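Residue-level structural notes
One-letter residues, chain by chain:
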Amino acid sequence: RNLFLENLVTVTLRSTHYYLIDAGHGKLMVDTGWAGTLPALKSQLKRYDIDLAQIRFIMITHHHPDHAGLTQEIKQASHARLIILEKQIPFLENLKTFYGEKGIYEPIRVEANDLVLKSSNRAALKQIGVQGEIIETPGHSDDSVSLVLDSGVAFIGDLHPPDFVQEDAREATCQSWKKLLGLSVKTVYPAHGIPYQMDDVRKSLAIC
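Each value, and the rule that gives it
Residues numbered from 1 in each chain as written. Predicted model: local features only at pLDDT ≥ 70, side-chain atom pairs only at ≥ 80, totals over all residues. Heavy atoms only, no water. Helix = DSSP H or I, 4+ residues; strand = E, 2+ residues; numbered from the N terminus. Rg over C-alpha atoms; globule rule 2.2 N^0.38 Å. Buried < 20%, exposed > 50% of the residue type's maximum accessible area, 1.4 Å probe, protein only. Pairing = 2+ DSSP bridges. Disulfide = S-S within 2.5 Å. pLDDT = per-residue confidence, 0-100. Contact = heavy atoms within 4.5 Å. Salt bridge = Lys/Arg side-chain N within 4 Å of Asp/Glu carboxyl O.

The subject of this paragraph is the overall build of the protein. Scanning the protein for helices and strands turns up seven helices and eleven strands. The C-alpha radius of gyration computed for the protein amounts to 16 Å, which stays within 12% of the reference 17 Å derived for 208 residues, consistent with globular compactness. Once the C-alpha set of the protein is aligned to its principal axes, its extents read approximately 45 × 40 × 30 Å. Relative to its full complement of 208 residues, the protein shows a buried share of 53%.

Pasting the structure below:
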């Protein structure tokens, strides 16, 4: 369990964190992991007395294989609904290219009961019991998004502080962090490493 957000469950597989937060009568899972790791995920969830069927919704912060590779397998196993920004959908093709003919990847299908958002949509999240919004936060990738909760917590995937990124990604990264600041984010949950306070990022924003 985590000190910053009540009832948050953090699952870590191959050094990447996946977060489960309360969403009505089930869980919203932020990122899913590598294709083929469903047994490992189930084993981790058992430690928290969570059944796969409790995952009712999935969102992916970006299309990279350690964040989205297991998405369709979870959808099929738990009947979870994918929440995705319209802008992210074309990037899903990149996962097919990455996994190629390895036979372990089940391609993500955006289906009729999934929630496809044209942009940040608070109303859609409120309907599933989540108080917050999904916003575009490019920098690490062009399709990167973050989940920002009204409590001041943000799940940012692989959005790195500006002083940790290459020059060509710095402008987009700076704009994303400024957007998070504007939404009064206080605590940040990255996909790699430990949670940290927004104040820890402010110094590196000086280079923006």
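A few words now on the sheet that holds strand β9 (residues 153-157). Strand pairing within a sheet occurs via backbone hydrogen bonds; the two strands may be parallel or antiparallel. Taken together, the five strands give an open sheet; going across it, the order is β7-β8-β9-β10-β11, and neighbouring strands pair in mixed fashion. Each end of this open sheet is capped by a strand with a single partner; those strands are β7 (132-136) and β11 (196-197). By the bridge criterion, two bridges tie strand β8 (residues 145-149) to β9 in an arrangement that is antiparallel. For Leu-147, the partnering residue across the bridge sits in β9 and is Phe-155.

The subject of this paragraph is the state of the cysteines. Taken as a whole and assessed by the stated rule, the structure comprises one disulfide. At a sulfur-sulfur separation of 2.0 Å, the disulfide partner of Cys-174 is Cys-208. In this structure the cystine formed by Cys-174 and Cys-208 twists about its S-S bond by roughly -85°; its chirality is therefore left-handed. Placement of Cys-174 in helix α6 (residues 167-182) and of Cys-208 in the segment after α7 (199-202) is noted, with a sequence separation of 34 residues between them.

Right, let's get into the confidence of the model for the protein. Mean pLDDT over the protein works out to 93, with 98% of the residues at or above the 70 mark. Looking at the elements of the protein, mean pLDDT is at its lowest for α7, recorded as 87, and at its highest for strand β4 (residues 55-59), recorded as 98.

The next point concerns the environment of Gln-76. For Gln-76, the location among the structural elements is in helix α3 (residues 71-78). Judged by its relative accessible area of 39%, Gln-76 is partly exposed. In this structure the C-alpha to C-alpha distance between Gln-76 and Ala-206, which are 130 residues apart in sequence, comes to 45 Å. Those residues in contact with Gln-76 that sit more than four places away from it in its chain are Glu-106 and Arg-109.

Quick look at the side chain of Thr-71 now. By the element assignment, Thr-71 lies in helix α3. Thr-71 sits in the buried class, given a relative accessible area of 0%. The residues touching Thr-71, leaving out its near neighbours within four places in the chain, are Thr-32, Ile-58, Ile-60, Leu-82 and Ile-108.

So, about the pattern of salt bridges. According to the stated counting rule, one finds eleven salt bridges in the structure shown. One salt bridge connects Lys-118 with Glu-86, and the closest N-O pair in it is separated by 3.4 Å. You can see Lys-118 sitting in the loop between β6 (115-117) and α5 (122-127) and its partner Glu-86 sitting in the loop between β5 (81-85) and α4 (93-99), a full 32 residues away along the chain. Here the residues in one salt-bridge network are Lys-75, Glu-106, Arg-109, Glu-111 and Asp-114, joined through shared partners.

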